[in-house]
Amino acid sequence: MTTEDKQKKLRIPFKTRIAIAFLNTFTDNAQRSDGSINRRLLRLFDFRAPPNPKPINSVSTSDFVVDPSRDLWFRLFTPHVVSGDRVPVVVFFHGGGFAFLSPNAHPYDGVCRRFARKLPAYVVSVNYRLAPEHRYPAQYDDGYDVVRFLEENRGEVLPANADLSRCLFAGDSAGGNIAHNVAIRVCRERCFAAVRLVGMISIQPFFGGEERTEAEKSLVGMPLVSPERTDWCWRAMLPEGANRDHEAAKPSAVDISGLDYPDTMVVVAGFDPLKDWQRSYFEWLKLSGKRATLVEYPNMFHAFYIFPELPEAGQLIQQIKDFVEERVASISS
């Protein structure tokens, strides 16, 4: 970290600071020392948005069950601002350290509504199983099974103009990790006729390792993320006995050089303690022969984009829109 970086100070509006303080308290108090989560406490403060078939700000929502035995479902966000017969589909995986939140949590319902309206695109937001009750690879299995469900039931769950041959994966934090690993499996198995993965939107993905990076050591007291919190999440998600050098945490442990892995947009924020791992992911993609673009927000923090009051949140959505349009144009030409 440069002297200039050390001299910078994170400036957050009061409204956002209050929301962050609530989220920190919400998650920290639910984490038990034995590695379990007090789900009953979480339900008291986990405010959720019901599906609404009536468009709000030009977007309607509906929920579809994939497998009731594991509570696997997704929320479909339908934009009512588009015409034409080839609208892209974005499969989205929410963040929350593999252990918290859901597609109907208000922050992610709001984010996906903005994606659907602004990109525009049909957004499929996946409700995957959470750790520690469900460890690796449950989250990846759930994500893959939703993609298979879309492939096999597209005529029943997606509108006629939803074009799965223009499909992108997206995710933030732990969701970025899940999107990456589901993409690897989709690329390996090559068994999809309708789904064609043309892009990856990786927003501050949650990766790690046993070593401590410079950012993890120097960015102390940042919003939402700290080594103590991320260590807890890895212990909750990884297989019993595994450490943070496991392939779920460290992308470079898997060789993707021979896969048709999609072009990727990697988003990094200057005050995110995970930023060094995210930059390493970006560099590893390029070393693996894949096309990747790094988008940096030097004055922002982890998960900044879920706070719509921040101007940078709107700027990022515009950059994602540009990336989606570029990827769609590239396969149309």
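Residues numbered from 1 in each chain as written. Predicted model: local features only at pLDDT ≥ 70, side-chain atom pairs only at ≥ 80, totals over all residues. Heavy atoms only, no water.

**Section: the overall build of the chain**
So, point 1. The helix and strand inventory of the chain stands at ten helices and eight strands.
So, point 2. By principal-axis analysis of the C-alpha atoms, the chain measures approximately 50 × 45 × 40 Å.
So, point 3. For the chain, buried positions account for 59% of its 333 residues.
So, point 4. For the chain, long-range pairs separated by at least 24 residues make up 77% of all intrachain contacts whose partners lie at least 6 apart in sequence.
So, point 5. Accessible surface computed for the chain: about 14300 Å², of which carbon and sulfur atoms make up 50%.
So, point 6. Of the side chains in the chain, 41 bear a positive and 41 a negative charge, and the two mean positions are spaced by 4 Å. (Helix = DSSP H or I, 4+ residues; strand = E, 2+ residues; numbered from the N terminus. Buried < 20%, exposed > 50% of the residue type's maximum accessible area, 1.4 Å probe, protein only. Contact = heavy atoms within 4.5 Å. Areas by Shrake-Rupley, 256 points an atom, 1.4 Å probe, with all protein chains shown as cover. Lys, Arg positive; Asp, Glu negative; His and termini not counted. Charge placed at Lys NZ, Arg CZ, Asp CG, Glu CD.)

**Some points on the nonpolar core**
So, point 1. Counting residues in hydrophobic clusters, the biggest one holds 117 residues, and the most contacted among them are Phe115, Phe169 and Tyr305.
So, point 2. When residues of this core are assigned to their parent elements, the largest contribution, eight residues, is made by helix α6 (residues 174-189).
So, point 3. Discounting chain neighbours no more than four positions away, the residues touching phenylalanine 115 are Phe92, Pro120, Ala121, Val123, Ile203, Tyr305, Ile317 and Ile320. (Core = buried A, V, L, I, M, F, W, Y, C linked by side-chain atoms within 4.5 Å.)

**Quick notes on the side chain of serine 202**
So, point 1. Relative to the elements of secondary structure, serine 202 occurs in strand β6 (residues 197-203).
So, point 2. For serine 202, the residues in contact, after removing those within four places along its chain, are Gly171, Gly176, Thr264, Met265, Val266, Val267 and Tyr281.

**A closer look at the pattern of salt bridges**
So, point 1. Throughout the structure, instances matching the rule amount to 25 salt bridges.
So, point 2. When the shortest N-O distance is used, the salt bridge between arginine 212 and aspartate 231 registers 2.5 Å. Highlighted residues: arginine 212 in the loop between β6 and α7 (214-218) and aspartate 231 in helix α8 (residues 227-237), separated in sequence by 19 residues. (Salt bridge = Lys/Arg side-chain N within 4 Å of Asp/Glu carboxyl O.)

**Quick notes on helix α5 (residues 138-157)**
So, point 1. Helix length check: α5 (20 residues) gives 23 Å between terminal C-alpha atoms against 28 Å at 1.5 Å per residue, more than 12% under.
So, point 2. Remark: the principal bend of α5, roughly 60°, maps to glutamate 151.
So, point 3. For α5, a buried count of 14 out of 20 residues is recorded, marking the element as mostly surrounded by other parts of the structure. (Expected span 1.5 Å × (residues − 1). Bend = angle between axes of the 7 residues up to and from the residue.)

**Examining the packing of aromatic side chains**
So, point 1. The tally for this structure, following the rule as stated, stands at 17 aromatic pairs.
So, point 2. Pairing tyrosine 281 with tryptophan 284 gives two aromatic rings, centres 6.1 Å apart and planes at 25°, and the pair type is stacked. Taken together, the positions of tyrosine 281 and tryptophan 284, both in helix α9 (residues 275-287) and three residues apart, correspond to about one turn of that helix. This pair shows no difference in class: tyrosine 281 is buried, exactly as tryptophan 284 is.
So, point 3. Ring centres 5.9 Å apart and planes at 50° place the aromatic pair phenylalanine 301 and phenylalanine 307 in the tilted group. (Phe/Tyr/Trp six-rings, centres within 6.5 Å; stacked < 30°, edge-to-face > 60°.)

**What about the packing of α5 against α6?**
So, point 1. Taken N-terminus to C-terminus, the directions of α5 and α6 make an angle of 55°; their axes are 9 Å apart at the nearest point. Classified by the interaxial angle, the pair formed by α5 and α6 is oblique. Where α5 crosses over α6, the handedness of that crossing is right-handed. Contacts from Gln139, Tyr140, Asp141, Gly143, Tyr144 and Val147 in α5 reach Asn177, Ile178, Asn181, Val182, Arg185, Val186 and Glu189 in α6.
So, point 2. Residue classes in the contact of α5 with α6 are distributed as six nonpolar, four polar and three charged. (Axes fitted to C-alpha atoms, helices over the stretch in contact; angles between N-to-C directions. Parallel < 35°, antiparallel > 145°, perpendicular 65-115°, else oblique. Left-handed = near helix turned anticlockwise from the far one by under 90°. Nonpolar A, V, L, I, M, F, W, Y, C, P; charged D, E, K, R; others polar.)

**What to know about the sheet that holds strand β8 (residues 292-297)**
So, point 1. Strand order in the open sheet formed by eight strands is β1-β2-β4-β3-β5-β6-β7-β8, and the pairing between neighbours is mixed. Here the strands that pair on one side only, and so sit at the sheet edges, are β1 (59-67) and β8. Strand-to-strand twist in this sheet, taken as the mean axis angle between neighbours without regard to direction, amounts to 20°.
So, point 2. Each of β3 (87-93), β5 (162-172), β6, β7 (264-269) and β8 touches helix α10 (residues 311-332); the most contacted strand, β6, lies at about 165° to it. (Pairing = 2+ DSSP bridges.)

**Some words on the pairing of strand β2 (residues 72-79)**
So, point 1. By the criterion of burial, β2 is predominantly enclosed, with eight of the eight residues buried.
So, point 2. Because side chains alternate across β2, one face comprises the buried residues Leu72, Phe74, Leu76 and Thr78, and the other comprises Trp73, Arg75, Phe77 and Pro79, equally buried.
So, point 3. Where β1 meets β2, eight bridges bridge the pair, whose relative direction is antiparallel. Paired with serine 62 across the bridge in β2 is leucine 76.
So, point 4. Linkage of β1 to β2, two consecutive antiparallel strands, is achieved through a turn of four residues, within which aspartate 71 is found at a positive phi near 55°.

**Section: the packing of helix α4 (residues 106-118) against α10**
So, point 1. For the pair α4 and α10, the least separation of the axes is 10 Å and the interaxial angle reads 45°. When the axes of α4 and α10 are compared, the pair comes out oblique. In this structure, α4 meets α10 at a crossing whose hand is right-handed. Note on element contacts: α10 touches α4 through Ile317, Ile320 and Lys321, opposite Arg114, Phe115 and Lys118.
So, point 2. Among the residues making up the contact of α4 with α10, the classes are represented as three nonpolar, no polar and three charged.

**A word on the state of the cysteines**
So, point 1. Taken as a whole, this structure holds zero disulfides when the rule is applied.
So, point 2. Among the cysteines around cysteine 112, which has no disulfide bond, cysteine 167 carries the closest sulfur, lying 14 Å off.
So, point 3. The class of cysteine 112 is buried, set by a relative accessible area of 0%.
So, point 4. No disulfide involves cysteine 167; its sulfur sits 11 Å from that of cysteine 187, the nearest cysteine.
So, point 5. For cysteine 167, a relative accessible area of 1% translates into the label buried. (Disulfide = S-S within 2.5 Å.)

Geometry only, nothing functional implied.
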